[in-house]
Amino acid sequence: SQTIHQWPATLVQPVGSPLSLECTVEGTSNPNLYWYRQAAGRGLQLLFYSVGIGQISSEVPQNLSASRPQDRQFILSSKKLLLSDSGFYLCAWRTRKGLAGGPGEQYFGPGTRLTVT
Amino acid sequence: AQSVAQPEDQVNVAEGNPLTVKCTYSVSGNPYLFWYVQYPNRGLQFLLKYITGDNLVKGSYGFEAEFNKSQTSFHLKKPSALVSDSALYFCAVRTRLSNTGKLIFGQGTTLQVKP
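One structure accompanies this document, and this report is about it.

A separate point is the state of the cysteines. Within this structure, the stated rule accounts for 2 disulfides over all chains. Covalently, Cys23 of chain A is tied to Cys91 of chain A through a disulfide, its sulfur atoms 2.0 Å apart. Disulfide Cys23 of chain A-Cys91 of chain A: torsion about the S-S bond near -75 degrees, hence left-handed. Linking Cys23 of chain A in strand 3 (residues 19-26) with Cys91 of chain A in strand 9 (residues 87-94), this pair joins segments that are 68 residues apart in sequence. Through a disulfide, Cys23 of chain B is tied to Cys91 of chain B; the S-S separation comes to 2.0 Å. Residues Cys23 of chain B and Cys91 of chain B share a disulfide whose torsion about the S-S bond is about -65 degrees; that sign makes it left-handed. Separated by 68 residues along the polypeptide, Cys23 of chain B in the loop between strand 3 (19-21) and strand 4 (24-26) and Cys91 of chain B in strand 10 (residues 87-95) bring together distant segments of the chain. What makes Cys23 of chain B buried here is its relative accessible area of 0%. Look at Cys91 of chain B and you get buried, because its relative accessible area is 0%.

Relative to the helices and strands, Thr110 of chain B resides in strand 12 (residues 109-114). Along the primary structure Thr110 of chain B and Val37 of chain B are separated by 73 residues, whereas in three dimensions their C-alpha atoms are 9.7 Å apart. Leave out the neighbours within four places in its chain, and Thr110 of chain B touches Arg42 of chain A together with Asp9, Gln10, Val11, Ala87 and Leu88 of chain B.

Any pair of aromatic rings gets described here by the distance separating the centres and the angle formed by the planes. Following the criterion strictly, the structure yields 15 aromatic pairs over all chains and no others. Judged by centre distance (5.5 Å) and plane angle (80 degrees), the rings of Phe108 of chain A and Tyr36 of chain B are edge-to-face. On the criterion of chain membership, the pair formed by Phe108 of chain A in strand 10 (residues 107-108) and Tyr36 of chain B in strand 5 (residues 31-38) is interchain, its members lying in two chains. The class of Tyr36 of chain B is buried, set by a relative accessible area of 0%. The ring of Phe63 of chain B carries Lys78 of chain B above its face, with NZ or CZ at 5.0 Å from the centroid.

This brings us to the interface of chain B and chain A. Each side of the interface is counted separately: chain B has 27 residues, and chain A has 28 residues. For the pair chain B and chain A, the summed buried area comes to about 2000 Å², and 50% of that belongs to carbon and sulfur atoms. The largest per-residue losses of area from chain B upon contact with chain A belong to Asn99, Thr100 and Lys102 of chain B, which jointly make up 23% of the total buried on that side. Across the contact surface, chain B and chain A share 2 salt bridges. Two residues, Lys49 of chain B and Glu105 of chain A, come together in a salt bridge whose shortest N-O distance is 2.6 Å. At the boundary of chain B and chain A, one finds 6 residue pairs in polar contact (both at pLDDT 80 or more). Residue assignment for the side of chain B that touches chain A shows that the elements contributing at least two residues are strand 5, strand 6 (44-50), strand 10 and strand 12 of chain B. No other element matches the 4 residues that strand 5 of chain B contributes to the side of chain B that touches chain A. Each residue belonging to the side of chain B that touches chain A can be placed in one class, and the counts come to 10 nonpolar, 11 polar and 6 charged.

Okay, unusual backbone geometry next. The step from Trp7 of chain A to Pro8 of chain A runs through a cis peptide bond, and the omega angle for that step is 0 degrees. Positive phi outside glycine occurs at Asn30 of chain A, with the angle close to 55 degrees. Tracing the backbone through its elements, the reader meets Asn30 of chain A in the loop between strand 3 and strand 4 (32-38). Of note, the phi angle at Asn41 of chain B is positive, near 60 degrees, even though the residue is not glycine. Residue position: Asn41 of chain B is located in the loop between strand 5 and strand 6.

Calculation rules
- Residues numbered from 1 in each chain as written.
- Chains lettered and ligands numbered in written order.
- Predicted model: local features only at pLDDT ≥ 70, side-chain atom pairs only at ≥ 80, totals over all residues.
- Heavy atoms only, no water.
- Disulfide = S-S within 2.5 Å.
- Helix = DSSP H or I, 4+ residues; strand = E, 2+ residues; numbered from the N terminus.
- Buried < 20%, exposed > 50% of the residue type's maximum accessible area, 1.4 Å probe, protein only.
- Contact = heavy atoms within 4.5 Å.
- Phe/Tyr/Trp six-rings, centres within 6.5 Å; stacked < 30°, edge-to-face > 60°.
- Lys NZ or Arg CZ within 6 Å of the ring centre and 35° of its normal.
- Buried area = accessible area lost by both parts, 1.4 Å probe.
- Salt bridge = Lys/Arg side-chain N within 4 Å of Asp/Glu carboxyl O.
- Polar contact = N/O pair within 3.5 Å; in protein donor to acceptor, adjacent residues only side chain to side chain.
- Nonpolar A, V, L, I, M, F, W, Y, C, P; charged D, E, K, R; others polar.

Right, dumping it as structure tokens:
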């Protein structure tokens, strides 16, 4: 069966410090991968998605970047954190099927709670 | 532009009563539709999806959803609510044409089931 891991679970960082959040998926290959941010326990904002190694698409210009160094590894980074980067960060994956990707749902990791102080 | 609307920030029901969480969508062409549930400080859990065929879709934990193409709605339902159903519910949509699988999420509806 497939599982998705995120770490750390919680993180408190000062303004201006760097950030690295990691997401890994097990039990599947060549997944689509996604990074979301959830502010104030409500709506989800898609930050980045990736359809393959080294392929990153950014949805919202911001202080963050993403990388996919391996097929099942997705990393969210920042060189200098801002207070507005605080939030709940969620990684998700889905199976790709065919050219149109198929109707597969996304599966989410447990999330990382980031507090920037 | 694609969008999803969940018109109620919160839905309150008594345990044992039926529940409905509303969702309407706007997307080009025929959509794929999804419902997710989120418990506090957890990731989203997939409940069910509509791809094609029968308009009534059954999912996890006794939930079901009804697809209505003419009203562009996909309301989540359960015949008898449990206190443990209390959580945040998200409706999501994506176009069949996208090979990225990107989902458009609604803002979420908090379901409160009282004993």
